[in-house]
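Listed below are the residues making up each chain.
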Amino acid sequence: MAELILEITYRNDRHHVVLNKPVLRLGRALDNDVILADPTVSPHHLVIKVDGEGRYWLYPVNDENGLVRDGNLIERPLRLDNEPLSIEAGRTHLHILPRDYPVAATRQLSCRSGTACLFGNGIWAAVLFGLFVAVSLIDNYWSTPQRLSWESFGQDQVVLLTVVLALAVGLTIWCDWLPIGGSLYRHSPS
């Protein structure tokens, strides 16, 4: 069987372990090969072994919170030949993946053209800016206790729009040009 990867996910953390040892012990205790920092995991929770034919097997060791696959408790050794495979150990999610499992596309740090982008995407920035203008117009109209003239209403809106536009441009410059090593470095797509 080909080499497998164990992906460990808990909360906002993800960790990957290559299954390249004949025996791999997982649990909360410090004498394990892989230590799972989850209080719902037993000190010695599970073992992954490779048999004489090169097949991977998962053995549940402790049944305090057990191992769960598709809502069912794993009580006997489980052969790991149908990857990707998802298992829960307490609140920790374990995924058995083949070594050639595809990864997500790389996210761009700046616009593809290399020019400045508002908030990373020009369309969403324009939508958010338009939404702000609409909310500002309505709020300004409803919150004024006297009858408005277009001149005073327009002056208020020009001030608000200028401030928001200055913030957007400032954020664009701040996010797109970062000081690295004492000089300005322009992000560009590779």
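1. Focus on the sheet that holds strand β5 (residues 46–50)
The strand order across the open sheet formed by five strands is β4-β3-β5-β6-β9, and the pairing between neighbours is mixed. With partners counted over all chains shown, the strands left at the sheet margins are β4 (34–35) and β9 (78–79), one partner each. Pairing geometry for strand β6 (residues 56–60) and β9, over two bridges, is antiparallel. Bridge pairing links leucine 58 to leucine 78 in β9.

2. What about the packing of aromatic side chains?
Aromatic rings in a pair are described by how distant their centres are and how their planes are angled relative to each other. Following the criterion strictly, the structure yields zero aromatic pairs and no others. Lying over the aromatic face of tyrosine 59, lysine 49 brings its terminal NZ or CZ to 5.2 Å of the ring centre.

3. Quick notes on the nonpolar core
Of all hydrophobic cores here, the largest spans 24 residues; its most connected members are Leu6, Ile48 and Leu80. Mapped by element, the contributors of at least two residues to this core are β1 (4–10), β2 (13–19), β3 (23–27), β5, β6, β10 (85–89) and β11 (92–98). Considering every element that reaches this core, the biggest residue donor is β1, with four residues.

4. A look at the pairing of β3
Sheet topology note: the β3/β5 ladder contains four bridges and is antiparallel. Looking at β5, one finds that leucine 26 is bridged to leucine 46. Looking at chain direction, β3 and β4 are connected through two bridges and run parallel. Counted as the bridge partner of leucine 26 is valine 34 from β4.

5. Examining the sheet that holds strand β7 (residues 67–69)
Sheet architecture is open: six strands sit in the order β2-β1-β11-β10-β7-β8, paired in antiparallel fashion. The open sheet is flanked by β2 and β8 (72–73), the only strands paired with a single partner. For β7 and β10, the ladder comprises two bridges, and the chain directions are antiparallel. Of the residues in β10, the one forming a bridge with valine 68 is glutamate 88.

About the cut-offs
- Residues numbered from 1 in each chain as written.
- Predicted model: local features only at pLDDT ≥ 70, side-chain atom pairs only at ≥ 80, totals over all residues.
- Heavy atoms only, no water.
- Pairing = 2+ DSSP bridges.
- Helix = DSSP H or I, 4+ residues; strand = E, 2+ residues; numbered from the N terminus.
- Phe/Tyr/Trp six-rings, centres within 6.5 Å; stacked < 30°, edge-to-face > 60°.
- Lys NZ or Arg CZ within 6 Å of the ring centre and 35° of its normal.
- Core = buried A, V, L, I, M, F, W, Y, C linked by side-chain atoms within 4.5 Å.
- Buried < 20%, exposed > 50% of the residue type's maximum accessible area, 1.4 Å probe, protein only.

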